[in-house]
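If you want the building blocks of each chain, they are given just below.
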Amino acid sequence: MRTVGVMRAKVFSPGSVEKDRAILEAVVGTAGGILVSEDELDGRLPEADIYLSMARKQSTLRLLNDMERKGRRVVNTTVGVARCRRDTSTMIMRQGRLPLPDGDGSNGWWIKRCDGAACEVHDVQYCHDTERLRLAIQRFEKRNIPYIIEPHVEGDLLKFYGVADSFFHVVRPQELASTDKFGNPFTNSVPLHHAFDHGKLASDMARAAALIGVEIYGGDAIVRADGSYAIIDFNDWPSFSPCRETAAKAIYNYVF
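Fair warning: this is a prediction, and the values are worked out from it, not measured in the lab. (Residues numbered from 1 in each chain as written. Predicted model: local features only at pLDDT ≥ 70, side-chain atom pairs only at ≥ 80, totals over all residues. Heavy atoms only, no water.)

## So, the sheet that holds strand 8 (residues 156–163)
Overall, antiparallel pairing links the 4 strands, which are arranged 9-8-10-11 in an open sheet. Looking at which strands have only one partner, the edges of the open sheet turn out to be strand 9 (167–171) and strand 11 (229–236). Across the sheet, the axes of successive neighbouring strands diverge by a mean angle of 20 degrees, strand direction being ignored. In this fold helix 6 (residues 198–212) packs onto strand 8, strand 9, strand 10 (216–223) and strand 11, with an angle of close to 45 degrees to the strand it touches most, strand 11. (Pairing = 2+ DSSP bridges. Helix = DSSP H or I, 4+ residues; strand = E, 2+ residues; numbered from the N terminus. Axes fitted to C-alpha atoms, helices over the stretch in contact; angles between N-to-C directions. Contact = heavy atoms within 4.5 Å.)

## Considering the sheet that holds strand 2 (residues 34–37)
An order of 2-1-3-4 is seen for the 4 strands of this open sheet, with the pairing classed as parallel. On the outer flanks of this sheet lie strand 2 and strand 4 (73–75), each paired with one strand and no other. Between one strand and the next, the sheet's axes are offset by a mean angle of 20 degrees, whatever the strand orientation. Bridge analysis of strand 1 (residues 3–7) against strand 2 gives 4 bridges, and the strand direction is parallel. If you follow valine 6 over to strand 2, its bridge partner there is valine 36. Running over the sheet, helix 1 (residues 17–30) touches strand 1, strand 2 and strand 3 (50–53) and is turned about 175 degrees from strand 1.

## What to know about the packing of helix 1 against helix 7 (residues 244–255)
In contact at an axis separation of 9 Å, helix 1 and helix 7 are set at 45 degrees when each is read in the N-to-C sense. What the angle tells us is that helix 1 and helix 7 run oblique. In this structure, helix 1 crosses over helix 7, and the sense of that crossing is right-handed. In this structure, helix 1 contributes Lys19, Ala22, Ile23, Ala26, Val27 and Thr30 to the contact, and helix 7 contributes Arg244, Ala247, Ala248, Ile251 and Tyr252. Grouping the constituent residues of the contact of helix 1 with helix 7 by class yields 8 nonpolar, 1 polar and 2 charged. (Parallel < 35°, antiparallel > 145°, perpendicular 65-115°, else oblique. Left-handed = near helix turned anticlockwise from the far one by under 90°. Nonpolar A, V, L, I, M, F, W, Y, C, P; charged D, E, K, R; others polar.)

## Notes on the pattern of salt bridges
It is possible for side chains of opposite charge to pair when their charged atoms get near one another. Evaluated as defined, the whole model comprises 20 salt bridges. Its salt-bridge partner being aspartate 20, residue arginine 8 comes within 3.2 Å of it at the nearest N-O pair. Taken together, the residues span a long stretch of sequence, with arginine 8 in the loop between strand 1 and helix 1 and aspartate 20 in helix 1 at a distance of 12 residues. Residue aspartate 20 is classed as buried on the basis of its relative accessible area, which comes to 3%. Linking aspartate 102 and arginine 224 is a salt bridge whose minimum nitrogen-to-oxygen distance equals 3.6 Å. Note that aspartate 102 is positioned in the loop between helix 4 (86–95) and strand 5 (109–113) and arginine 224 in the loop between strand 10 and strand 11, a separation of 122 residues in sequence. By relative accessible area, aspartate 102 is classed as exposed at 52%. For arginine 224, a relative accessible area of 21% puts it in the partly exposed group. Salt bridges here are not isolated pairs; linked through shared partners, they connect Arg8, Asp20, Arg56 and Asp236. (Salt bridge = Lys/Arg side-chain N within 4 Å of Asp/Glu carboxyl O. Buried < 20%, exposed > 50% of the residue type's maximum accessible area, 1.4 Å probe, protein only.)

## With respect to the nonpolar core
In terms of nonpolar packing, the biggest core is built from 23 residues, with Met93, Phe160, Phe168, Leu201, Met205, Tyr217 and Phe234 touching the most fellow members. Of all elements in the fold, only helix 4, strand 8, strand 9, helix 6, strand 10 and strand 11 reach the threshold of two or more residues within this core. Top contributing element to this core by residue count: helix 6, with 7 residues. Counting 22 residues, the second-largest nonpolar core is a separate cluster that includes Ile23, Leu24, Val28 and Val75. (Core = buried A, V, L, I, M, F, W, Y, C linked by side-chain atoms within 4.5 Å.)

## Some thoughts on the side chain of aspartate 20
A polar contact is formed between the side chain of aspartate 20 and the side chain of arginine 8, at a distance of 3.2 Å. A polar atom in the side chain of aspartate 20 sits 2.5 Å from the side chain of serine 13. Other than its neighbours up to four places away in sequence, aspartate 20 contacts Met7, Arg8, Ser13, Met54, Pro238 and Ser239. (Polar contact = N/O pair within 3.5 Å; in protein donor to acceptor, adjacent residues only side chain to side chain.)

## Considering the packing of helix 4 against helix 6
Their axes nearest at 10 Å, the elements helix 4 and helix 6 cross at an angle of 120 degrees. The angle between helix 4 and helix 6 places the two elements in the oblique class. Judged by the twist between their axes, the crossing of helix 4 over helix 6 is right-handed. Taking contact as the criterion, the partners of Ser89, Ile92 and Met93 in helix 4 are, on helix 6, Ala208, Leu211 and Ile212. Considering only residue class, the contact of helix 4 with helix 6 consists of 5 nonpolar, 1 polar and no charged.

## Considerations on helix 5 (residues 130–142)
Spanning 13 residues, helix 5 covers 18 Å between terminal C-alpha atoms, matching the ideal 18 Å at 1.5 Å per step. Among all positions of helix 5, only Leu133, Ala136, Ile137 and Phe140 are buried. Buried residues of helix 5, viewed axially, fall in a sector of 105 degrees; they line one side. Packed against the buried residues of helix 5 are strand 5, strand 6 (124–127) and strand 7 (147–151). Residue aspartate 129 occupies the N-cap position of helix 5, its side-chain oxygen lying 3.3 Å from the main-chain nitrogen of glutamate 131. Positive phi shows up at asparagine 144, right after helix 5, with a value of about 60 degrees. (Expected span 1.5 Å × (residues − 1). Arc of directions from axis to C-beta.)

Have a look at this one:
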């Protein structure tokens, strides 16, 4: 089968361009396919039977949707990628009764760009009081960027990576790096190693992925001291950098 991997535009991979390329290259290389970047497309895609896509540009998603209409397989689907914008994915997960942040904001709030993934440092901000939140809202509105506001959840930060219901991997990112992808210290900075039900988290995230409509996904969760958890981020096709080799095999086996 002819296979094309579509790299996402650099603007959608802050601090992760090479990591994103590495996972897609590993899968597409095993399949004997080629890589293209959505930054370099000239309004058309190479012909293929399967497109493994990290794309997020609307113009690229339209091209991939045309291929879906022709019966070609696209992973992740264009509909699923569109549903990964924060406001939509949050609504879908809430309707599916998946565990999301709740509370009165006594520990502060997060304000997040909701029309897509964060592209720069100001797209996701922690506000520890109402005045900082008010100023952050003003800045988002001045930039004409839609946003959502969530209460901060105290606990242990986890980053997860999944392939449908066939692969699931969890790490504590603070143990791998001292800062996030924008160079900021992690807000929940000290790994607390709260016990939690790994199988339940894996099951919940596979269900979230199915509801949203993506097969290759990742995100973040906070585990509270009592073992309960809240999903604070969900996105399409992450870099899988802490588990790239095993994840590449899992993706290849799942798709092919």
